[in-house]
Amino acid sequence: MTFKLKVLAAAITMGFSFGANAAVIDLFTQAQSVSDLLGGGATSTFVSGAGIVGTERDVSVDVITSPIGLGATASVGSGYLSLNSQSGVAGNLVVQWDGVDGSMALGSGLSLDLTDGNPIASMGFVIRTYNADSPFTFSLGAYSAGGASSVILLNGHTTAGFIAAGVPSYIPLAGFQACGFVGGDVLGVTCSGSVDLTQISALELRVYGTADLDLTIGSASSSQVPEPAVLALLGSSLFGLAAFRRRKQD
Ligand SMILES: [Ca+2]
Ligand SMILES: [Ca+2]
């Protein structure tokens, strides 16, 4: 048995296929690679170019468990974000879209309307995992002015080999407003203040890997999702809560 941890598999495709309106986060076409070994903290790189909201993508890898001398590598290109870990290695991956700061400190350089002018209830992310051979959890955090934030932590889906269509995880935008929610694949929604989804200053994806994880994720955007499609596709307790909250507001 090889202990290679390929995190080539966490393909995050956020909502592309449902409508024309979309706030593109990252097409994952600008190549980037970062490798880390145990000790010495995380290793990070910063890449700028077209197809990245706020121009710059910050990526760090932090190996937390490893036999001597082995490590993990995150790479981006051809529409995918991947993480490859060597034998027995477990590591965490962080991807930030926070404008040009050249730092893994969380900046505030975005001015992003995740709704793209649409009702929050009609928008969401679809995060597709194309390959994940070990358990992992991941979070998506949205930040806005004044220290407001909302972070959704989810269980990732494992796959038996590479799945060409990907295995989707759905994150309705309204989920960021469902502070305290736990249910389904959602392990928690942690809020500080009231995040303004129309004025996002930073987005952050975190992947918490376990040993021998190979993960691949696809390109990322927030897109319009027709409600019947949402109901049919999601049917999740998270969306149910979002719909409940919306009815209360009406
Ligand atoms: Ca940055
Ligand atoms: Ca940063």
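Quick caveat: nothing in here was measured; it's all calculated off a predicted structure. (Residues numbered from 1 in each chain as written. Chains lettered and ligands numbered in written order. Predicted model: local features only at pLDDT ≥ 70, side-chain atom pairs only at ≥ 80, totals over all residues.)

### Things to note about the pairing of strand β15 (residues 214-218)
Consecutive side chains of a regular strand alternate in pointing toward one face of the sheet and then the other. Formally: Comment: burial labels come from other C-beta atoms within 10 Å of the residue's own C-beta, placed from the backbone, where a count of 20 or more is buried, 12 or fewer is exposed, and between is partly exposed. Helix and strand labels come from DSSP, where a helix needs a run of H or I of at least four residues and a strand needs a run of E of at least two; each type is numbered from the N terminus. Two strands form a pair only when DSSP identifies at least two bridges running between them.
Burial analysis of β15 places 5 of its 5 residues in the buried class, which makes it a mostly covered element. Of the two faces of β15, both are covered, the one formed by D214, T216 and G218 as well as the one formed by L215 and I217. Relative to β15, strand β7 (residues 80-85) runs antiparallel, the two being bridged by 5 bridges. Paired with N84 across the two strands is D214, which belongs to β15.

### What about the sheet that holds strand β8 (residues 90-97)?
Backbone hydrogen bonds hold the strands of a sheet together, and the pairing may be parallel or antiparallel. Put simply, the test is: A fitted line through C-alpha atoms serves as each axis, taken over the contacting stretch for helices, and the angle formed by two N-to-C directions is quoted from 0 to 180°.
Across the sheet, 7 strands lie side by side as β4-β5-β8-β14-β10-β11-β13; this open sheet has antiparallel pairing. Taken across any chain shown, the strands that pair with only one partner, and hence form the sheet edges, are β4 (43-48) and β13 (186-192). For this sheet the average axis-to-axis angle between neighbouring strands, irrespective of direction, equals 15°. Note: β4 against strand β5 (residues 56-65), 6 bridges, orientation antiparallel. Bridging across to β5, V47 finds its partner in R57.

### Considerations on unusual backbone geometry
The phi torsion at F28 lies on the positive side, around 55°, for a residue other than glycine. Residue F28 is classed as buried on the basis of its C-beta count, with 26 C-beta atoms lying within 10 Å. Backbone geometry places D212, a non-glycine residue, at a positive phi of 65°. With respect to the helices and strands, the residue D212 is situated in the loop between β14 (200-209) and β15.

### Focus on the pairing of strand β6 (residues 71-77)
The buried count for β6 comes to 5 of 7 residues, which makes it a mostly enclosed element. Bridge analysis of strand β3 (residues 32-37) against β6 gives 6 bridges, and the strand direction is antiparallel. Counterpart to S35 in the pairing with β6 is T73. Note that β6 and β7 share 6 bridges and pair antiparallel.

### A short note on the confidence of the model for the protein chain
Threshold: What pLDDT expresses is the predictor's confidence in each residue, scored from 0 to 100. Contact definition: two residues whose C-beta atoms, as placed from backbone geometry, lie within 7 Å.
Of all residues in the protein chain, 81% attain a pLDDT of 70 or more, and the chain-wide mean is 83. Summarising per-element confidence for the protein chain, the mean pLDDT is lowest in strand β1 (residues 5-7) (29) and highest in β4 (98). Every residue in residues 1-19 scores below 50 in pLDDT, and together they form 106 contacts with partners more than four places removed in sequence or on other chains. Confidence drops under a pLDDT of 50 for residues 228-235, and excluding neighbours within four residues, the segment shows 9 contacts in the predicted structure.

### Some thoughts on the environment of L38
Within the secondary structure, L38 is located in the loop between β3 and β4. Counting along the chain gives 24 residues from L38 to D62, while the straight-line C-alpha distance between them is 7.5 Å. Ignoring any residue separated from it by four or fewer positions in sequence, one finds L38 in contact with V63 and S66.

### As for the environment of S48
Within the element layout of this structure, S48 appears in strand β4. With 13 C-beta atoms packed within 10 Å, S48 lands in the partly exposed category. Sequence separation of S48 and G102 is 54 residues, and the distance between their C-alpha atoms is 9.7 Å. Beyond its immediate chain neighbours, meaning those up to four positions away, S48 contacts T55, E56 and V100.

### Some remarks on the environment of L203
Looking at the element boundaries, L203 is found in strand β14. Put simply, L203 and A142 are 61 residues apart on the chain and 4.9 Å apart in space, counted from C-alpha to C-alpha.

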